[in-house]
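Close look at the chain arrangement
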Amino acid sequence: QVQLVESGGGLAQAGGSLRLSCVASGSTFRINAMGWYRQAPGKQREMVATITFGGSTYYADYAKGRFTISGDNAKNTVYLQMNSLKPEDTAVYYCKGSIITAWGYGVSDYWGQGTQVTVSS
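Residues numbered from 1 in each chain as written. Predicted model: local features only at pLDDT ≥ 70, side-chain atom pairs only at ≥ 80, totals over all residues. Heavy atoms only, no water.

1. Regarding the overall build of the chain
The line we're drawing: Only DSSP runs of H or I with at least four residues qualify as helices, and only runs of E with at least two residues qualify as strands; both kinds are numbered from the N terminus onward. C-alpha atoms define the radius of gyration, and 2.2 Å times the number of residues to the power 0.38 defines the globule rule. Burial classification: accessible surface area is computed with a 1.4 Å probe over protein chains only, and a residue below 20% of its type maximum counts as buried, one above 50% as exposed, and the rest as partly exposed. Contacts are residue-level and defined by heavy atoms, with any inter-residue pair within 4.5 Å sufficient. Each accessible area is a Shrake-Rupley result for a 1.4 Å probe, and residues are judged covered by the shown protein chains and nothing else. His is not counted here, nor are the chain ends, while Lys and Arg score as positive and Asp and Glu score as negative. Throughout, a charge is located at the NZ atom of Lys, the CZ atom of Arg, the CG atom of Asp or the CD atom of Glu.
Each helix and strand counted, the chain has zero helices and 11 strands in total. Taken from the N to the C terminus, the helices and strands of the chain come in the order β-β-β-β-β-β-β-β-β-β-β. By the compact-globule yardstick of 14 Å for 121 residues, the chain fits well, its C-alpha radius of gyration being 14 Å. Considering only C-alpha atoms, the chain reaches an extent of 50 × 25 × 20 Å along its principal axes. By residue count, 40% of the 121 residues in the chain fall in the buried class. Taking as baseline every contact in the chain between residues at least 6 positions apart, the subset at least 24 positions apart corresponds to 55%. Within the structure as shown, the chain displays about 6,400 Å² of accessible surface, and the carbon and sulfur contribution to it stands at 49%. For the chain, the distance from the average position of its 10 positive side-chain charges to the average position of its 7 negative side-chain charges is 2 Å.

Okay, structure coming up:
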């Protein structure tokens, strides 16, 4: 089994910053990619940013220039540095890992439990 545990959410003022962390543990034979998604009340879950094992990064348009995703392969950890936060960034942020659990197995997606980010105006 694979577990993803997020931390770092909380309350921030508009213009402020927060840093999210996500650690993957368990049967993590190979982590192909990890990413951050978010879901605001009444809205669908959407991709924020993704980083591959090789270090390639992808961002949603609203995240470009404000958010930075980074990873530490040795620690199975991914970070999301969020700057210039806006009230519309308020959401539950989820970590997702695209992970192979053992040799010969395919890639499966695993999700963390989510961490709340609230940005006040």
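2. Let's talk about the side chain of Arg38
Quick reminder of the rule: Within 3.5 Å is the distance limit for a polar contact, defined as a pair of N or O atoms, with the added protein rule that one can donate a hydrogen and the other accept it, and that residues adjacent in sequence qualify only through two side-chain atoms.
With respect to the helices and strands, the residue Arg38 is situated in strand β4 (residues 30–39). Within the local environment of Arg38, its side chain forms a polar contact with the side chain of Tyr62, the two groups lying 3.4 Å apart. Ignoring sequence-local partners within four residues, the contact set of Arg38 consists of Gln44, Arg45, Glu46, Val48, Tyr62, Phe67, Glu88, Asp89, Ala91, Val92 and Tyr93.

3. Remarks on the state of the cysteines
Rule in force here: The disulfide definition used here is simple: a pair of cysteine sulfur atoms within 2.5 Å.
A complete count under the given rule lists one disulfide for this structure. The disulfide partner of Cys22 is Cys95, and the S-S distance across this bridge is 2.1 Å. Judged by the sign of its S-S torsion, about -85 degrees, the bond between Cys22 and Cys95 is left-handed. In this pair, Cys22 is assigned in strand β3 (residues 18–26) and Cys95 in strand β9 (residues 91–100), connecting sequence segments 73 residues apart. Cys95 gets classed as buried once you look at its relative accessible area, which sits at 0%.

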